[in-house]
Amino acid sequence: MRTMPKPRPMEGRCPHRPLQDIASSQNDFQLVRPPSLGLPAPHRVAAPARVSSYPMRLQDKVIIVTGGTSGIGEAIAGRAVAEGARVLVHGIERADGEAVVARLGARAALHLDDLLDPASPERIVAAALRAFGRIDGLVNNAAIVARDTLATARLDFFERMMAVNLRAPLFLIQAAFPHLKATQGSVVNIGSINAYSGQPSLLAYSLSKGGLQTLTRNLANAHCTDQVRFNHLNVGWVLTTREYHHQIEHGMPPDWPDKVPTVFAPSGRLIRPEEVAAATIYWLGDESRPISGSVVELEQYSLFGRNPDKQ
Ligand SMILES: NC(=O)c1ccc[n+]([C@@H]2O[C@H](COP(=O)([O-])OP(=O)(O)OC[C@H]3O[C@@H](n4cnc5c(N)ncnc54)[C@H](O)[C@@H]3O)[C@@H](O)[C@H]2O)c1
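What you are looking at is a predicted structure, and each value in this text was computed from that prediction instead of being measured.

Trainee: Would you take a moment to explain the nonpolar core for this structure?
Mentor: The tendency in soluble globular proteins is for nonpolar side chains to be buried side by side. Ranked by internal contacts, the top residues of the largest apolar core, which has 69 residues, are Ile63, Ile64, Ala77, Ala80 and Val87. Element by element, the count of residues in this core is highest for helix H4 (residues 155-183), at 9 residues. Here Val87 is in contact with Ile63, Val65, Gly68, Ala77, Ala80, Val81, Leu104, Arg107 and Ala108, once residues within four sequence places are set aside.

Following this line, the structure appears as structure tokens:
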């Protein structure tokens, strides 16, 4: 997510390739509506495919995905089900949530809860146990994404941002911890490249993601002998439905995803939710065991030390 400069013609942009529907040729394909469906046609992607010769990477694991009713969280929930997991899809919008679990089928259950409520973490964990009887993974994905600066910072805005983006992940982990310990489980926190400093117009958001990153690393050290792992993805600019509309609300034209400067999207397009989901599966699954405390940047360029040529 970025504050965009005014669009200008792109240089060196990859030609846009229409995406093929890889679903139709796969027998064991989990038919999941891609979270990009609310986007203009060129930016919609096919649902994730499975190739039958591959083992299920999350077979029979129970995963909680917060904010799983839209965007990146929806993609993670869909991919987790496709990899054999049972998923508690947490969200706050009933219609979206019911549509997501209807698409995912019997291996998904919906729990609606407002993370602004300090009691919500206990309820979310209880809902996962009620639905599936165990917890193997927790993805702290839900977040408020909104702008403020030093000049516009307000106490209630700051407190809401911290409550959802930082307090809720901490207390969700606390509530789930005994169950994660029992299953040698894995926590994946969905962060942002804004954690390291952040956009000027994303002051509170950047602070919340910086805190989330420290939470990941602190707990990874504190609990390294408990066999519960904590890893973290600092995500770059992803074209979710929310991000599409967020940019339009801030003055960008409807076709702004086609005009993203290569300095932000060297490949010629933004990252897709499904690509973040694919990375998340690795950190949730046993194939990444025993690694813990990792913070991984999911960007299209080197985040550190980057110094683009001046024109
Ligand atoms: N899209 C990007 O460019 C981008 C970049 C970096 C990081 N991220 C991170 O990815 C994650 C998902 O973002 P997204 O782009 O998919 O947007 P999104 O708005 O689709 O997802 C955020 C989710 O959080 C939920 N949420 C917000 N407030 C809540 C509350 N009070 N209680 C319960 N749920 C609440 C929303 O309902 C939504 O489902 C976030 O953590 C975001 O910070 C996104």
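Trainee: Hey, could you run me through the pairing of strand E2 (residues 86-91) in this one?
Mentor: A regular strand carries its side chains on alternate faces of the sheet. Summarising burial for E2: 6 of the 6 residues are buried, a large majority. Of the pairings in the sheet, the one linking strand E1 (residues 62-65) to E2 comprises 4 bridges and is parallel in character. Within E2, the residue paired with Val65 across the bridge is Val89. Considered for its hand, the β-α-β crossover made up of E1, helix H1 (residues 71-82) and E2 is right-handed. The parallel pair E2 and strand E3 (residues 108-112) is bridged by helix H2 (residues 94-104), and the resulting crossover is right-handed.

Trainee: In this structure, what is going on with the packing of helix H3 (residues 120-132) against H4? I would like to understand it.
Mentor: The angle between the axes and the distance between the axes are what describe a pair of packed helices. The interhelical angle for the contact between H3 and H4, taken along N-to-C directions, is 40 degrees, at an axis separation of 8 Å. As far as their axial angle goes, H4 and H3 are oblique. Between H3 and H4 the crossing geometry is right-handed. Along the contact surface, H3 presents Ser120, Pro121, Glu122, Ile124, Val125 and Leu129, while H4 presents Ala168, Phe171, Leu172, Ala175, Ala176 and His179. In terms of residue class, the contact of H3 with H4 is built from 9 nonpolar, 2 polar and 1 charged.

Trainee: Please explain the site of the ligand as it appears in this structure.
Mentor: Lining the immediate surroundings of the ligand are 27 residues, of which Gly67, Ser70, Gly71, Ala142 and Ala143 lie closest. Sorting the residues of the shell around the ligand by element identifies H1, strand E5 (186-192) and helix H6 (241-249) as the ones contributing at least two each. Element by element, the count of residues in the shell around the ligand is highest for H1, at 3 residues. Taken together, the residues of the shell around the ligand break down into 14 nonpolar, 9 polar and 4 charged.

Procedures and definitions
- Residues numbered from 1 in each chain as written.
- Predicted model: local features only at pLDDT ≥ 70, side-chain atom pairs only at ≥ 80, totals over all residues.
- Core = buried A, V, L, I, M, F, W, Y, C linked by C-beta atoms within 7 Å.
- Buried ≥ 20, exposed ≤ 12 C-beta atoms within 10 Å, placed from the backbone.
- Helix = DSSP H or I, 4+ residues; strand = E, 2+ residues; numbered from the N terminus.
- Contact = placed C-beta atoms within 7 Å.
- Pairing = 2+ DSSP bridges.
- Right-handed = clockwise from strand over helix to strand, strands pointing away.
- Axes fitted to C-alpha atoms, helices over the stretch in contact; angles between N-to-C directions.
- Parallel < 35°, antiparallel > 145°, perpendicular 65-115°, else oblique.
- Left-handed = near helix turned anticlockwise from the far one by under 90°.
- Nonpolar A, V, L, I, M, F, W, Y, C, P; charged D, E, K, R; others polar.
- Near = placed C-beta within 6 Å.

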